[in-house]
Amino acid sequence: MSASERAELTEILRRDWNCVPVYVDELARSGWTAYCKRCLWPLLNSQLVTNKITASSSLWHDYKRCSLTYAQAISDELGLKSADIKEEEEAKHQPQHKQLPDLLWIHDYHLLLLPSLLRKMGSLHRIGFFFHTPFPTSEIFRILPERAKLLAGVLGSDLIGFQTYHDCRHFLSACTRILALDARPKGVEWNGRMVAVDIFPVGIDPTGLERIQESSEVHKRVQELKHSFANTKLIVGRDRLDPIKGIPQKLLAFEDFLSRFPEWQGKVVLFQVCLPPTGEKLSPFHTGISCTSGEVQELHSQINELVGRINGRWGTADFTPIHYLSKVLPIHEVVALYNAADVALLTPLRDGMNLTSHEYVVCQKSSHGPLILSEFAGSAQSLGGAVLVNPWDTRGVASAIFDALKMNEEEKRLKHQYNYSYIISNTALQWGTTFLRELQRVEHMLEVPVLKHEDVTKAYNSAKKRLFLLDYDGTLTPIVSRPADAVPSPALLQALQQLTSDPKNIVYIISGRDREFLRTHMQSLPVGLSCEHGVFFRHYGKDSEWENLSLGMETSWREIIMPILADYTERTPGSMIETKEVNVSWHYRNAEADFGSFQAKDLVVHLQNVASKLPIEILLGKKVIEVRPQNVHKGATVRKIVNGLPDVDFVLCIGDDKTDEDMFLTLANIFPHAAVRPEEEDEADDMGTTSTPATQSKPVSTVQPFSCVVSRKESAASYSIPTQADVIALLQELVAASH
C-alpha cells in the first residue's frame with residue numbers, strides 16, 4: 001500500500017471503527033507468522049516439534065521486529081516515549097509519575113514480547129495478557145531456545161490470564177524452572193513486583209446464537225437435514241483442519257465403532273465438517289495459521305484416505321457412513337446442523353477451550369443431544385455433563401459413541417441441563433468483564449519509585465558527612481550459585497576505595513556473610529563491617545577491633561538445628577549447608593526449582609516449631625534459609641551506627657533481600673522527618689520554630705536518607721534500583737561527583 005492509501009485506510013478505521021491499524025513489513029510478517037505457527041502453536045499445544053525448533057532462530061528476528069512494530073504503534077497512540085530497543089539492552093527510561101487510567105489488553109502468543117517492550121518505552125498502564133491457547137508443561141516449553149525471553153516478555157504484564165487451572169500451573173512451573181522465580185498460587189514475583197496469574201475461562205454469546213436458531217431459515221434447514229437423515233442417528237463434528245484437532249483419531253474410533261457394534265451399521269452417520277486453512281495472505285491472528293501448507297495437505301490426504309476406506313467398507317448404494325466437507329459453512333447452516341444432530345463428537349488432542357462444544361449445547365436446548373468431548377480440551381473442565389474421552393484410546397471413544405446413542409432421555413436431559421447452565425452463566429461478555437475488573441484490581445507495578453541518580457548526586461554534593469550502609473550479596477555482588485564465588489569485582493573494589501578516600505564518607509558493609517569472608521576480601525579497605533547479620537561488628541577505620549555480640553549468648557541450639565538441616569540436605573539434591581561462626585544457612589539455589597521450594601517451605605515449618613522453644617530466629621532470604629540468635633539483625637546494627645554519628649547529613653542504604661527490610665524500617669524510624677518537603681521547612685521557619693540543644697543532636701529533616709531496594713518494588717525502602725549492576729553504576733557516579 002502507498003503512503004496515501006495507508007493514511008486513507010487509517011482514517012476510515014479510526015472514524016468508523018475506532019481502530020488503529022498496524023502496518024507490518026511484509027517480509028517480517030511472513031517470518032513472524034511462520035514462527036507462530038511452526039514453533040509456538042504446536043509447542044503450546046504440547047506437540048513435540050524438535051525438527052522445527054532448530055530452525056526457529058532464523059524466524060525469531062522477525063517475531064521480535066513485528067512485536068516492536070506493534071509496541072511502537074501503541075506508544076505513538078498513547079504518547080509514550082519512543083525507544084530504539086535492541087536485544088539484551090536494558091531500558092533507561094524513568095517512568096513518568098502521573099495518572100494513566102488506560103488499560104491495555106494483549107491477546108495470545110503472537111505478541112508475547114509486547115508487555116515488556118511497552119514497559120521499556122515507559123508505559124505505566126495496567127497491562128493484561130490472555131492466553132487463548134493452552135500452556136504446556138515446563139519440560140516441553142523449555143525445548144524452545146527463546147523460552148526465557150518469551151517468559152520475560154509476557155511478565156511485563158500486571159495480570160496474565162489462562163483458560164484452565166492446568167495451564168496456569170504449567171506457566172508458574174515454567175517461571176520457576178526456567179527463570180528461577182518464586183511462584184505462588186496466584187502469581188509470580190518478577191523484577192521486584194508480583195505479576196498476578198489467574199483463570200478466566202472464555203465463553204460464547206448464547207443469546208445471539210439462540211436468536212439465529214429461531215430464524216425461519218434455520219428452521220427450514222433443520223427439517224431438510226432431518227428428512228435427509230431420516231431413520232438415522234446423526235453424529236456431528238466440526239473442527240479446524242489441524243493436526244491438533246484429532247480428526248484422524250475420530251475417524252479411526254468411528255471405524256472401530258462400526259466394526260464392534262454391527263447392529264448400528266447403516267443406522268449412524270458421521271457428518272464431519274473441517275474448516276480449511278485460509279492461507280498466508282490473511283492476518284496471522286486468523287485461526288487457520290496453526291500448521292504449514294505441507295502438513296495441511298498431508299492431513300487432508302490422510303482424512304480422505306480414512307473416509308474413503310470407511311465408506312468403501314460399510315457404505316452402500318443408498319447409504320454413506322461419513323459425510324465429509326472441507327469448507328466454511330454459513331452460520332445458519334452450522335446452527336441447523338447442530339440442531340439436527342443426535343450426538344456431537346469432538347476429539348482434539350489439545351485445545352485451549354473448544355467453543356464448538358458450547359455452541360452445540362446451546363443449539364440442543366430442546367433435543368438434549370449428548371456431547372462426547374476430549375478430556376484434553378479446556379471445556380472438559382467446565383462442562384461436567386459431557387462424556388469425556390481420551391482421543392488416543394480408539395476403543396474407548398468407540399464405546400463412548402455406543403453409550404451416547406443408547407443414553408436414555410432423562411440422563412440426556414440432566415447432562416444437557418448441567419452444561420447449558422454453565423454456558424449461559426459464563427458468557428463471552430462475562431469473561432471480558434471479569435478479566436478487566438480483575439486487571440483494575442491488581443496492585444499496580446510502581447509501588448516503590450525508581451531512584452533518580454541526579455537526586456542522590458545533588459544531596460551527596462551538598463552533604464558534609466555521608467554514611468553508606470550497603471548489603472553485600474545481591475547488592476554489591478550478583479547472586480551466584482555457590483556462596484564462595486561471590487567475590488567483589490575490580491570495579492566494586494575501585495569504587496569503594498575511591499569512596500573511602502574521601503574524608504567526608506563513611507562506608508559500612510552490613511551482610512549475612514561470615515567474618516572470615518568479608519575480612520579476606522575487604523582487608524585493603526577501611527570500611528566498617530557487620531557480619532552474620534550483626535553478630536560480629538567492626539567500626540569504620542583500618543585499625544578497628546572486632547566486637548563479638550554473641551559472647552554470653554546461648555549457642556547450644558546448633559546441636560539441635562544441624563541434624564535437621566543435614567536431613568533436609570540429604571533429601572534435597574543440590575542443597576547445601578553453610579556453617580558460620582554462629583549462624584547457620586541452608587542454601588537450595590542449585591536444587592531442582594519446584595522440589596527445592598517445596599522442601600524449603602517444609603523446612604521453615606519444621607524450624608519454626610523448633611524455634612518456639614529456642615532463642616533463635618528463622619530468616620528467609622533468596623533461595624536460602626538462615627538460623628540466627630534472637631534480637632540480632634541488620635536493623636539493630638544500623639541503629640548502632642547512626643547513633644554514633646549524630647552529625648551525619650547524608651545516608652545511602654541499599655539492600656536487596658527480605659533480611660534488609662530491618663535496615664529500611666530502622667532508618668524510617670530514626671529519620672521520621674526525612675520526607676518533609678522544602679516548602680514545609682520554609683513554613684516552619686516562618687513560624688519561628690527553633691531547635692533546642694537537646695533536639696540538635698538528633699536527626700532532623702535536613703538529613704537526606706535514601707533507602708533503596710534492589711530488583712524489588714514491594715519494600716519498606718523509599719526507592720528502588722532496577723538491577724545490581726545499577727548499584728555499582730550509582731557508586732561510580734558518586735565517586736565522579738566527588739572529583
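Quick note: structure is the one above.
Residues numbered from 1 in each chain as written. Predicted model: local features only at pLDDT ≥ 70, side-chain atom pairs only at ≥ 80, totals over all residues. Heavy atoms only, no water.

Engineer: What is the right way to look at the overall build of the protein in this model?
Structural biologist: Broken down by element type, the protein carries 27 helices and 24 strands. Of all 739 residues assigned to the protein, the portion counted as buried reaches 51%. Per element, the accessible surface of the protein, about 33,500 Å² overall, is 52% carbon and sulfur. (Helix = DSSP H or I, 4+ residues; strand = E, 2+ residues; numbered from the N terminus. Buried < 20%, exposed > 50% of the residue type's maximum accessible area, 1.4 Å probe, protein only. Areas by Shrake-Rupley, 256 points an atom, 1.4 Å probe, with all protein chains shown as cover.)

Engineer: Help me understand the sheet that holds strand 14 (residues 505-510), please; the structure alone is not making it clear to me.
Structural biologist: Backbone-to-backbone hydrogen bonds join strands into a sheet, with any given pair of strands oriented parallel or antiparallel. Here we have eight strands laid out as an open sheet, ordered 17-16-15-14-13-22-23-24, and mixed in their pairing. In this open sheet, the two edge strands, each paired with only one partner strand, are strand 17 (546-548) and strand 24 (719-721). Neighbouring strand axes in the sheet, compared pairwise and without regard to direction, differ in orientation by 20° on average. As defined by bridge partners, strand 22 (residues 650-655) adjoins strand 23 (residues 704-710) across six bridges and the pair is classed as parallel. For Ile 654, the partnering residue across the bridge sits in strand 23 and is Cys 708. In the packing of helix 23 (residues 634-643) onto the sheet, the strands contacted are strand 13 (466-470), strand 14, strand 15 (528-531), strand 16 (536-538) and strand 17, and the crossing angle to strand 14 comes to about 160°. (Pairing = 2+ DSSP bridges. Axes fitted to C-alpha atoms, helices over the stretch in contact; angles between N-to-C directions. Contact = heavy atoms within 4.5 Å.)

Engineer: Would you explain the environment of Ile 322 in this entry?
Structural biologist: On the secondary structure map, Ile 322 appears in strand 9 (residues 322-326). In sequence terms Ile 322 and Ile 310 are 12 residues apart; their C-alpha atoms lie 7.6 Å from each other. In this structure Ile 322 touches Leu 251, Phe 254, Leu 270, Val 307, Ile 310 and Asn 311, once residues within four positions along its chain are discounted.

Engineer: Explain the side chain of Arg 515 here, please?
Structural biologist: Among the secondary structure elements, Arg 515 is positioned in helix 20 (residues 515-521). A relative accessible area of 15% means that Arg 515 is categorised as buried. Residue contacts for Arg 515: discarding those within four places in its chain leaves Cys 531, Phe 536, Trp 546 and Glu 581.

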